[in-house]
Amino acid sequence: MTPTTIAHAMQALAAADPDIARAYPRVGAPEPRHRDQGFATFFSTIVSQQLSTEAAHAIMGRVNTLLPELHAKAVIDIEDQALRDAGLSWRKIEYAKGLAEAELAGTFSADELEQLNDNEAIAAITQLHGFGRWSAEIYLMFSLQRPDIFPADDLALRVALGRLKGMDDKPTPKQARQLVEHWAPWRSVGSLFLWHYYRGEPL
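Per an unreviewed UniProt entry, the protein carries the name DNA-3-methyladenine glycosylase II and comes from Vreelandella vilamensis.

Here you go:
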């Protein structure tokens, strides 16, 4: 999603939702976000779960030293203890090996996700151990650049949505999905806006 696409989408969202129309001039448009596609991004997602950005970055630095070519066969071939010494927990090593095994067995292909529709891609990702719906939706948004994804399990997103809508508390994931149904087909940009709003809305 380019800045031009985001600007177009924000105009459509403001026309569809008076709360966005009110907030948009106050905080402005969100910046595009992009992550690489492929196996290495899925591996990095496993590493980063429940860690600070700094800690995950440090572990990935050590992994990249161990595995300059980060692909499925390299992950299968390396000793578990080497990954443990790099900073991965035993559970994350299990997830990483499972990801690599699925790639090599052909039951999962990171490179073929682009050919699937949103629901098919989410289903393919969430059948992997260690990947829930949120991880799948984030991959679709940032790596595949799908325009109509709303990761309702994201806490900051729901806090921002509750604030935007003047609610006393944050909505549940189910309520959040219902509240943004009319944002289609631009729910990814709406999500970017909510994260932006969460950081920037004047109190």
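Having seen the model, we can carry on.
A.B. asks: When you look at helix H4 (residues 53–66) in this model, what are you seeing that I'm missing?
C.D. replies: The terminal C-alpha atoms of H4 lie 20 Å apart, and with 14 residues this matches the ideal 20 Å at 1.5 Å per residue to within 8%. When H4 is considered as a whole, its buried residues turn out to be Ala56, Ile59, Met60 and Val63. Along the long axis of H4, the arc covered by the buried residues comes to 100°, so they all point the same way. In this structure, H4 carries Glu54, His57 and Thr65 as exposed residues pointing more than 90 degrees from its buried face.

A.B. asks: Would you explain the pattern of salt bridges in this entry?
C.D. replies: Opposite charge on two side chains allows them to pair when their charged atoms are near. In total, this model carries nine salt bridges according to the counting rule given. Taking the shortest distance from any N to any O, the salt bridge between arginine 133 and glutamate 137 comes out at 2.7 Å. Of this pair, arginine 133 and glutamate 137 both sit in helix H9 (residues 133–142), four residues apart, roughly one helical turn. The class for arginine 133 is partly exposed, based on a relative accessible area of 38%. Note on glutamate 137: relative accessible area 2%, which makes it buried.

A.B. asks: Help me understand the packing of aromatic side chains, please; the structure alone is not making it clear to me.
C.D. replies: The relation between two aromatic rings is expressed through the spacing of the ring centres and the mutual angle of the planes. The full count for this structure, using the stated rule, is seven aromatic pairs. A centroid spacing of 6.3 Å and a plane angle of 90° characterise the contact between tyrosine 24 and phenylalanine 193, whose relative ring orientation is edge-to-face. Of the two residues, tyrosine 24 sits in helix H2 (residues 18–27) while phenylalanine 193 sits in helix H12 (residues 187–200), which places them 169 residues apart along the sequence. A residue is classified by how much of its surface remains accessible, and tyrosine 24, at 22% relative accessible area, is partly exposed. Residue phenylalanine 193 is classed as buried on the basis of its relative accessible area of 0%. Ring centres of phenylalanine 42 and phenylalanine 108 lie 5.3 Å apart, and the angle between their planes is 85°; on these two criteria the pair is classed as edge-to-face. Here the residue phenylalanine 42 occupies a position in helix H3 (residues 39–48), and phenylalanine 108 occupies one in the loop between helix H7 (90–105) and helix H8 (118–126), the gap between them amounting to 66 residues. For the pair formed by phenylalanine 42 and phenylalanine 108, the shared burial category is buried. In this structure an aromatic cluster arises from ring pairing among Phe42, Phe108, Phe131 and Tyr139.

Definitions and limits used
- Residues numbered from 1 in each chain as written.
- Predicted model: local features only at pLDDT ≥ 70, side-chain atom pairs only at ≥ 80, totals over all residues.
- Heavy atoms only, no water.
- Helix = DSSP H or I, 4+ residues; strand = E, 2+ residues; numbered from the N terminus.
- Expected span 1.5 Å × (residues − 1).
- Buried < 20%, exposed > 50% of the residue type's maximum accessible area, 1.4 Å probe, protein only.
- Arc of directions from axis to C-beta.
- Salt bridge = Lys/Arg side-chain N within 4 Å of Asp/Glu carboxyl O.
- Phe/Tyr/Trp six-rings, centres within 6.5 Å; stacked < 30°, edge-to-face > 60°.

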